[in-house]
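# What the coordinates show
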Amino acid sequence: MKYRTIITVFLLGLGFRAGAQIQHEGLVVLTDRGHYISGEDLQYRAYYRAPVAGIPEQWSRVLYVELILPDGSPLAQAKVMIDSSGASGSLAIPEGISSGTYYLKAYTRWMRNCGPEGFAYTSLRIYDPFNEEALPVDTLGWEPEPVAKLLKQLETHSADMLECRLDREIYGTRTEVVADLKWIFPDAPADLTVSVARAGIHGNPAYYRPGCPVNLGGSSEILPEIQGLSLTGQAVSASDRSPVPYATIFVSVLGDERDFYCNYSDSAGRFYFSFPAYVGERELFVSAYQSDYEEIELLIDRDFSPDVLQLPSYAMQKSDSLASLINEMSVNAQIAQQYYPRILQAPPEPEAEELLFYGNPSSIIHIDNFIKLPNLAEYFVEVVPQVSLRRNRGGRRLVLLGNHPDLAIYLPLLLVDGVAIFDVEAVLAVSPRLIDRLEIVNAPYIRGNVTFGGIISLISKNNDLGYIDLPSSGLLVNYRMLNLPVADSTRNGVLDPRLPDIRNILYWEPALHLEPDISQKISFRTSDQIGDYEILIRGTDPTGKYLVKRVHFRVE
């Protein structure tokens, strides 16, 4: 059984709000190339710098990446975890879009305090061979920035700091190429990306980050995701939209891998949850309870930032050589889609968990082991000695019995298939024939920062919540968790020899780590296409100092 705990982060946020000035994170996003055909996969590496020297590199743990139009309209979105130096991932470029200048937009939640001017943007050129339309041209907008500035550095490394030796300059088709790399800067290692493609495909992307507006320089209302992917929002009164302070917020993760979280809202009704490394989309049921409010409405914050931007859009001026290259890329992309379709990597199979988040219960009562009774109230009275059904002026309530005095102080957590239910009468009205068992924890239980007087958990036979009426404050949210990576079916050119090999990208390594003065080899295979090729190597050292090196070879 894996025990998971909620991370309460709003106390940490008080310290951030006390600061007079935001500490900015450094970020630049490098793509595997600068020219794409619609329908291809765009692969990227984001290099990240923490806002303050001396703190862990992963100040923010989640990166938000979007493929956008120059006006900010999103075409594809992803969430990826940030490792010790950055984050890697891929986005599928939609088909049928107009040819023109697009952008990769990247940011963390902490960066949202500055607004879109604090995000990082990388320009791309995307071409659609079946769409004659081009994006409107508007060269006004933000000015590009040097990569070093985006990473909070003043200088870059000389290309001579990296040696890249090939055993020859000319190779045959479908031949292995071995490159010997050596980082000769003695003071620190290097983290690099390596991309190999036809000469000209890499292009010259531009990088943008105007900077935090002066009027937002001291804002820090949005907290950094220091533990992992988060869900935030606010509880408000349904009648007048005023904040509901200190409400108990419940989050149930539905599906096969069920989980449960709870926390209190703060004095402004705000709530914060941090999740484990879930991938894909998950259905969440989010609800709230506060005894002083009859109707509570939950407002869930947008996970991606909806910004209107002013990024330039340039005319499609193609030289003869570039036009020939784009036509070649288009044919290659169509053939690749036919013979080498995109493959989503399956998420790791979760360990079989028959137990819910509370582990082994104190006792289990299987309904079918007893005589048929007309309603659940009768079962609680007749066959569940650990639970007392009591009446008061507000109706009936359930109280757990045991040796712990706190059971009489705190309300028990009442669950149906892992979903918190506040209406005892609604639970008692569930037909017993729909319930498989009752699980009882007759001891005080703490989840998040909420204490319960034990747990009463009903498990239905068909995982259908017993057709109970769910809390009126509840929201069913299909929440996007971390993105699944895309498997490269042509990695290193290991292809079926009977099929054509005409890849637009021969090799992409987003996270190559080199120690000083230690040689390391990389290898890849050439394709069936002859011509000039380029190895593009970019990256940083631990201080964020940037390097770029280009090495050429030919295939005949």
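Our subject is the structure listed above.
Let us look at the structure shown here. Values in this document were obtained by computation on a predicted structure and should not be read as measured data. (Residues numbered from 1 in each chain as written. Predicted model: local features only at pLDDT ≥ 70, side-chain atom pairs only at ≥ 80, totals over all residues. Heavy atoms only, no water.)

Within the secondary structure layout, Arg503 lies in the loop between strand S31 (486–487) and strand S32 (505–514). One polar contact links Arg503 to Asp501, side chain to side chain, over a distance of 2.7 Å. In this structure the side chain of Arg503 is engaged in a polar contact, spanning 3.4 Å, whose partner is the backbone oxygen of Thr526. (Helix = DSSP H or I, 4+ residues; strand = E, 2+ residues; numbered from the N terminus. Polar contact = N/O pair within 3.5 Å; in protein donor to acceptor, adjacent residues only side chain to side chain.)

Only one face of strand S11 (residues 176–183) is covered, namely the one carrying Val177, Ala179, Leu181 and Trp183; the face carrying Glu176, Val178, Asp180 and Lys182 has none of its residues buried. Pairing of strand S9 (residues 162–166) with S11 involves five bridges; the strand directions are antiparallel. By the bridge assignment, Cys164 is partnered in S11 with Leu181. With seven bridges connecting them, S11 and strand S33 (residues 519–525) associate as antiparallel partners. Looking across to S33, one finds that Ala179 is bridged to Ile522. (Buried < 20%, exposed > 50% of the residue type's maximum accessible area, 1.4 Å probe, protein only. Pairing = 2+ DSSP bridges.)

Right, let's get into the sheet that holds strand S16 (residues 259–264). On the basis of which strands lie adjacent, the open sheet formed by four strands has the order S16-S15-S18-S30 and antiparallel pairing. Every interior strand has two partners, whereas the edge strands, S16 and strand S30 (475–480), have only one. Between one strand and the next, the sheet's axes are offset by a mean angle of 25 degrees, whatever the strand orientation. Alignment of strand S15 (residues 248–253) against S16, held across six bridges, turns out to be antiparallel. Note that in S16 the partner of Phe250 across the bridge is Cys262. (Axes fitted to C-alpha atoms, helices over the stretch in contact; angles between N-to-C directions.)

As a further point, take the pattern of salt bridges. This model, assessed by the stated rule, comprises 25 salt bridges. Taking the shortest distance from any N to any O, the salt bridge between Lys545 and Glu155 comes out at 3.5 Å. On the criterion of sequence distance, the pair formed by Lys545 in the loop between strand S34 (531–540) and strand S35 (546–555) and Glu155 in the loop between helix H2 (147–150) and S9 is long-range, its members being 390 residues apart. Using a relative accessible area of 18% as the deciding quantity, one classes Lys545 as buried. Note that Asp368 and Lys372 form a salt bridge whose closest N and O atoms lie 3.9 Å from each other. Under the relative-accessibility criterion, Lys372 is labelled exposed at 69%. The network of salt bridges with shared partners includes Asp32, Arg33 and Glu40. (Salt bridge = Lys/Arg side-chain N within 4 Å of Asp/Glu carboxyl O.)

With that settled, the discussion passes to the side chain of Arg282. Structurally, Arg282 is set in strand S18 (residues 281–289). For Arg282, a relative accessible area of 15% translates into the label buried. If we ignore the near neighbours within four places in the chain, the residues touching Arg282 are Val253, Glu257, Val477, Asn478, Tyr479 and Met481. (Contact = heavy atoms within 4.5 Å.)

Moving on to the sheet that holds strand S1 (residues 26–31). Strand order in the open sheet formed by three strands is S1-S3-S6, with antiparallel pairing between adjacent strands. Lying at the two open borders of the sheet, with one neighbouring strand each, are S1 and strand S6 (86–92). Each strand axis lies, on average, 20 degrees off the axis of its neighbour in the sheet, ignoring direction. Here S1 pairs with strand S3 (residues 41–49) via six bridges, running antiparallel. The residue bridging Thr31 from the neighbouring strand is Tyr44, located in S3.

Time to look at the packing of aromatic side chains. Going through the model one piece at a time under the given rule, you end up with 22 aromatic pairs. Between the aromatic rings of Phe250 and Phe260, the centroid separation amounts to 6.0 Å while the plane-to-plane angle is 35 degrees, which identifies the pairing as tilted. Placement of the pair is Phe250 in strand S15 and Phe260 in strand S16, with a sequence separation of 10 residues. Residue Phe260 is classed as buried on the basis of its relative accessible area, which comes to 0%. On the basis of an interplanar angle of 55 degrees and a centroid distance of 6.5 Å, the ring pair of Phe275 and Tyr479 is categorised as tilted. With Phe275 in the loop between strand S17 (270–274) and S18 and Tyr479 in strand S30, this residue pair connects regions lying 204 residues apart in the sequence. A residue is classified by how much of its surface remains accessible, and Tyr479, at 5% relative accessible area, is buried. (Phe/Tyr/Trp six-rings, centres within 6.5 Å; stacked < 30°, edge-to-face > 60°.)

Everything listed here is a matter of geometry and, on its own, says nothing about what the molecule does.
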